[in-house]
Amino acid sequence: ALENLEIAADLARQGNQWRLSNVDIATAESQLSGDLTLDTSGEVPILDGRLNASTINVAALQSALPGNDDSQGLSIPVLPAVRGNVSIAADRLIFEQTTLHNLQGALELADHAVVLTPLTFDIAGGHAQADIALTSSPDSVQADAQLALSQLDLSQIDPALPPGNLLSADISLALQPM
């Protein structure tokens, strides 16, 4: 379970607009802050805002969540019918094997779809830029990603590799409905 979960925010409502400001969330060695606005006046809700994190420890969050069983498959929920834009930034995103630094991106929300573009970050002494899109429905999920890697030192990701093995690559990934 998520122990020591601390959440603070100011919530204000004016008509169909909800504003969550001064958001401050801390748990599992992670810290998140920002501001969000939800406008429910239209046919589809609109979510706009910004989220910033000094540190997000993905490994600690995964181990703190209930039902953390590595043998389970990946479950992707149907994305809600929400539109909007949320800027995201994180100083450090910590995984078991590596850490991403200086993560910046723009999250664009559309009906049952999320686009993260451009997502930029530093990793293993190099730099990466990605464009990621995810669309889901009750019947299928579709995902696409383009990733440009520049001068990554693979020994910083896998210490078994000798230093100086630098990787630069362009990678395209696609998950199509079956």
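Residues numbered from 1 in each chain as written. Predicted model: local features only at pLDDT ≥ 70, side-chain atom pairs only at ≥ 80, totals over all residues. Heavy atoms only, no water.

(A) Expanded view of the overall build of the chain. The helix and strand inventory of the chain stands at one helix and 10 strands. Listed by position from the N terminus, the elements making up the chain come as β-β-β-β-α-β-β-β-β-β-β. Along the three orthogonal principal directions, the C-alpha set of the chain runs to about 60 × 40 × 30 Å. Expressed as a percentage of the 178 residues in the chain, the buried residues total 28%. In the chain, the share of contacts with a sequence separation of at least 24, taken over all contacts with a separation of at least 6, comes to 39%. Total accessible area on the chain stands at roughly 11100 Å², and carbon and sulfur atoms take up 55% of it. Distance between charge centres in the chain, computed from 5 positive and 22 negative side chains, equals 14 Å. (Helix = DSSP H or I, 4+ residues; strand = E, 2+ residues; numbered from the N terminus. Buried < 20%, exposed > 50% of the residue type's maximum accessible area, 1.4 Å probe, protein only. Contact = heavy atoms within 4.5 Å. Areas by Shrake-Rupley, 256 points an atom, 1.4 Å probe, with all protein chains shown as cover. Lys, Arg positive; Asp, Glu negative; His and termini not counted. Charge placed at Lys NZ, Arg CZ, Asp CG, Glu CD.)

(B) Up close: the side chain of Ser155. One can find Ser155 in the loop between strand E9 (141–153) and strand E10 (166–175). A relative accessible area of 15% means that Ser155 is categorised as buried. Only 2.7 Å separates the side chain of Ser155 from the side chain of Asp153, close enough to count as a polar contact. Leaving out residues up to four positions away in the same chain, Ser155 has contacts with Leu161, Pro162 and Pro163. (Polar contact = N/O pair within 3.5 Å; in protein donor to acceptor, adjacent residues only side chain to side chain.)

(C) Just the sheet that holds strand E5 (residues 83–94), in detail. The 10 strands are arranged E1-E2-E3-E4-E5-E6-E7-E8-E9-E10 in an open sheet whose pairing can be described as mixed. Across the chains shown, the open sheet's two edge strands, defined by having one partner strand only, are strand E1 (6–14) and E10. The sheet shows a mean angle of 5° between the axes of neighbouring strands, direction not considered. Taken together, the seven bridges between strand E6 (residues 99–110) and strand E7 (residues 113–123) define a ladder with antiparallel strand orientation. (Pairing = 2+ DSSP bridges. Axes fitted to C-alpha atoms, helices over the stretch in contact; angles between N-to-C directions.)

(D) Highlighting the pattern of salt bridges. All chains considered together, the criterion is met by two salt bridges. Here Asp35 and Arg50 are joined by a salt bridge, their closest N and O atoms 2.6 Å apart. You can see Asp35 sitting in strand E3 (residues 30–39) and its partner Arg50 sitting in strand E4 (residues 46–57), a full 15 residues away along the chain. Judged by its relative accessible area of 12%, Asp35 is buried. Classification of Arg50 by relative accessible area gives partly exposed; the value is 36%. Note that Arg83 is salt-bridged to Asp111, the shortest N-O span being 2.9 Å. Taken together, the residues Arg83 in strand E5 and Asp111 in the loop between E6 and E7 connect sequence positions 28 residues apart. (Salt bridge = Lys/Arg side-chain N within 4 Å of Asp/Glu carboxyl O.)

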